[in-house]
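Analysis of the macromolecular model
Each chain, letter by letter, is given below.
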Amino acid sequence: MIVLPLLLAVQAASEAPQWNCADPLVQQEMNYCAHQDFLVADAELNAQWKLVAEVMKQRDKDVGDMLDDGRPGYFQTLLDGQRAWLRYRDAHCASEGYLARGGSMEPMLVSFCKTSLTKARTAQLRELTEIEG
């Protein structure tokens, strides 16, 4: 008889809450919605990354032997920059979250920051695909 209540409790806990991101009212809902906004921005960044990476790889092929100057090519430089940018974004946004360190608002502040920086980075990557190599 104990098994059924436990199964129902596990099922209820595993179901996602029905948050209203059009008008979030409580902090947990605001945190959730802010994170969802970040996930959308991150997906857009990843889509743009695929496009710009292909452009840079093509530029590497186009210049071929000219890359024998000992410096990295277009794609490697882009990849190094992206990795550094991700570390920067995450560290910077953690510090912005510290404005509410340990409080219930901290995750929302981090998500707001990451969304903003990610949208800006997506625009930067888009611009790279528009510049002639």
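Below is a summary of the structure that appears in this document. (Residues numbered from 1 in each chain as written. Predicted model: local features only at pLDDT ≥ 70, side-chain atom pairs only at ≥ 80, totals over all residues. Heavy atoms only, no water.)

Time to look at the nonpolar core. By size, the foremost hydrophobic cluster in this structure holds 10 residues: Leu45, Trp49, Val52, Ala53, Met56, Phe75, Leu78, Leu79, Trp85 and Leu125. Where this core is concerned, the elements lending two or more residues are helix 2 (27-63) and helix 3 (74-97). If we ignore the near neighbours within four places in the chain, the residues touching methionine 56 are Tyr74, Phe75, Leu78 and Leu128. (Core = buried A, V, L, I, M, F, W, Y, C linked by side-chain atoms within 4.5 Å. Buried < 20%, exposed > 50% of the residue type's maximum accessible area, 1.4 Å probe, protein only. Helix = DSSP H or I, 4+ residues; strand = E, 2+ residues; numbered from the N terminus. Contact = heavy atoms within 4.5 Å.)

In this section: the packing of helix 2 against helix 4 (residues 106-130). Following both chains from N to C, one finds helix 2 and helix 4 inclined at 20°, their axes separated by 8 Å at the closest point. The angle between the axes of helix 2 and helix 4 places the two elements in the roughly parallel class. Of the two possible hands of crossing, helix 2 and helix 4 adopt the one that is left-handed. Class assignment of the residues belonging to the contact of helix 2 with helix 4 gives a composition of 15 nonpolar, nine polar and eight charged. (Axes fitted to C-alpha atoms, helices over the stretch in contact; angles between N-to-C directions. Parallel < 35°, antiparallel > 145°, perpendicular 65-115°, else oblique. Left-handed = near helix turned anticlockwise from the far one by under 90°. Nonpolar A, V, L, I, M, F, W, Y, C, P; charged D, E, K, R; others polar.)

Time to look at the packing of aromatic side chains. In the structure shown here, the tally under the stated rule is two aromatic pairs. Geometrically, the ring pair formed by tryptophan 19 and tyrosine 32 is tilted, given 6.4 Å between the ring centres and 40° between the ring planes. Of this pair, tryptophan 19 sits in the loop between helix 1 (3-14) and helix 2 while tyrosine 32 sits in helix 2; the two residues are 13 residues apart in sequence, bridging distant segments of the chain. Where tryptophan 49 meets phenylalanine 75, the ring centres are 6.3 Å apart and the plane angle is 50°; that geometry is what we call tilted. Highlighted residues: tryptophan 49 in helix 2 and phenylalanine 75 in helix 3, separated in sequence by 26 residues. When the ring centre of tyrosine 74 is taken as reference, the NZ or CZ atom of arginine 59 above it lies at 6.0 Å. In this arrangement the basic side chain of lysine 114 is found over the ring face of phenylalanine 38, its NZ or CZ atom lying 4.8 Å from the centre. (Phe/Tyr/Trp six-rings, centres within 6.5 Å; stacked < 30°, edge-to-face > 60°. Lys NZ or Arg CZ within 6 Å of the ring centre and 35° of its normal.)

This part covers helix 3. Between the first and last C-alpha of helix 3 there are 34 Å, a value that for 24 residues agrees with the 34 Å anticipated at 1.5 Å per step. Of all the positions in helix 3, only Phe75, Leu78, Leu79, Gln82, Trp85, Arg89, Cys93 and Gly97 are classed as buried. Tucked into the core, helix 3 has its buried residues touching helix 2 and helix 4. (Expected span 1.5 Å × (residues − 1).)

A word on the pattern of salt bridges. Summed over all chains, the structure comprises five salt bridges. Notably, a salt bridge pairs arginine 71 with aspartate 69, separated by 3.1 Å at the nearest N-O pair. Residue classification places arginine 71 among the exposed residues on the basis of a relative accessible area of 60%. Residue aspartate 69 is classed as partly exposed on the basis of its relative accessible area, which comes to 42%. In this structure, a network of salt bridges that share partners links the residues Asp42, Arg89, Asp90 and Lys114. (Salt bridge = Lys/Arg side-chain N within 4 Å of Asp/Glu carboxyl O.)

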